[in-house]
Amino acid sequence: MGHGIAQVAAGAGFRVILRDVDRDSLTRGIQAIERNLTKGIQLAKLTEADRDETLQRIRGTTRLEETVKADLIVEAAPEKLDLKQEILRQLEEMAERPFIFASNTSSLSITEIARASQRPEAVVGMHFFNPVHLMRLVEIVVGKATGNETVETVCAVGRRLRKEPIIVKDVPGFASSRLGVALGLEAMRMFEQGVASAPDIDKAMELGYNHPVGPLKLTDLVGLDVRLNIAEYLHRELGSETFRPPQVLRRLVDEGKLGKKTGEGFYVWNNGKGEARPVPSA
């Protein structure tokens, strides 16, 4: 998600510092941005000048301390509360001036993340959707201590990024994840029961409900491990059987089949394209 957020920010005219944990990860992120921009040119949505200007506004680094030069820091680390809190603590220790800390978490509590901050009024959720350069929604999640000025600022940034902001309370799963995860888990149960193949389940939502990506392919894009963590969190926090992870999800994660990033999940991925796997026996 981080490279997608960096791309749309740079495309909107912001100067961007893109930080990742190591040089290889950073290189993959920049390469993903370049591929997206090249495809935009091929589809006549961008010019070569647009691509060049976007790339010129992005500076990559592996040093966390360089990011504190930013006015707005958008964190897109894995869905682990202690990790997000530790990043926030480190940033505040390094910073010489205040900044807004916006977490791209899709399910974790902004209020809990903000407990690590000396300025919780400047901590907010800014939940983007995958692929970031195509999806119009950004979910602004307001923690118990989040200030009105912070909310107004990130909403304005979201609109400049050509996104449509919605403002939601800090409850488990917010609005989008509760709905999206519930749909995705039910699609997994249907796949598990042999109701239909993964492509046909996805087509049901793409063609019948005009979803841009079906729930199983979206799970592969997000990462099955990420979806499992979110489902376990929502099941624990909400106490609803709707969010109990299906066995097929646990099995695939145990087997290391995490979706596109590992080459296999509900689809087999070759050169970035998903090919259908056979439906298991009911």
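Here, every reference points to the structure presented above.
Residues numbered from 1 in each chain as written. Predicted model: local features only at pLDDT ≥ 70, side-chain atom pairs only at ≥ 80, totals over all residues. Heavy atoms only, no water.

Below, the discussion takes up the layout of surface pockets. Considered as a void within the structure, the second largest pocket measures approximately 240 Å³ in volume. What lines the second largest pocket is a set of 17 residues, among which L81, S107, L108, Y233 and R236 lie closest to the centre. Class assignment for the residues of the lining of the second largest pocket results in seven nonpolar, three polar and seven charged. (1 Å grid on protein atoms, 1.4 Å probe; cavity = no way out; pocket = protein on both sides within 12 Å on 5 of 7 lines; lining within 4 Å. Points joined across faces, edges and corners; volume = space filled by probe spheres on them. Nonpolar A, V, L, I, M, F, W, Y, C, P; charged D, E, K, R; others polar.)

Attention now goes to the packing of aromatic side chains. One pass over the full model with this rule turns up two aromatic pairs. Each ring, one from F191 and one from F266, has its centre 5.4 Å from the other, and the planes form 85°; the classification is edge-to-face. Of this pair, F191 sits in helix α7 (residues 176-192) while F266 is found in the loop between α11 (247-254) and β8 (267-270), placing the two residues 75 residues apart along the sequence. Directly above the aromatic system of F14 lies the positively charged group of R160, at a separation of 3.8 Å from the ring centroid. The ring of Y267 is capped by K217, whose NZ or CZ atom sits 4.9 Å from the centre of that ring. (Phe/Tyr/Trp six-rings, centres within 6.5 Å; stacked < 30°, edge-to-face > 60°. Helix = DSSP H or I, 4+ residues; strand = E, 2+ residues; numbered from the N terminus. Lys NZ or Arg CZ within 6 Å of the ring centre and 35° of its normal.)

Strand order in this open sheet of five strands is β3-β4-β5-β6-β7, and the pairing throughout is mixed. The sheet is open, and its two edges are formed by β3 (72-75) and β7 (164-169), each paired on a single side. The sheet shows a mean angle of 30° between the axes of neighbouring strands, taken without regard to direction. Note: β3 against strand β4 (residues 100-103), four bridges, orientation parallel. Bridge pairing in β4 places L72 opposite I100. In the packing of helix α4 (residues 81-94) onto the sheet, contacts are made with β3, β4 and β5 (123-127), and the angle to β4 comes to roughly 165°. (Pairing = 2+ DSSP bridges. Axes fitted to C-alpha atoms, helices over the stretch in contact; angles between N-to-C directions. Contact = heavy atoms within 4.5 Å.)

Here the focus is a positive patch on the surface. Together, R35, K39, K45 and K260 make up a positively charged patch on the protein surface. Mapped onto the fold, K45 is located in the loop between α2 (23-42) and α3 (48-56). (Patch = residues over 30% accessible without salt bridge, like charges linked within 9 Å, V, L, I, M, F, W, Y side chains within 5 Å. Areas by Shrake-Rupley, 256 points an atom, 1.4 Å probe, with all protein chains shown as cover. Salt bridge = Lys/Arg side-chain N within 4 Å of Asp/Glu carboxyl O. Lys, Arg positive; Asp, Glu negative; His and termini not counted. Charge placed at Lys NZ, Arg CZ, Asp CG, Glu CD.)

Looking now at α7. If you check α7, its first and last C-alpha atoms are 24 Å apart, about what 17 residues at 1.5 Å a residue would give, namely 24 Å. For α7, every residue scored as buried is listed here: S176, S177, V181, G184, L185, A187, M188, R189 and F191. Contact partners of the buried residues in α7: β5, β6 (137-142), α8 (198-208), α9 (215-222), α10 (224-238) and α11. G194 occupies a position one or two residues after α7 and carries a positive phi of about 75°. (Expected span 1.5 Å × (residues − 1). Buried < 20%, exposed > 50% of the residue type's maximum accessible area, 1.4 Å probe, protein only.)

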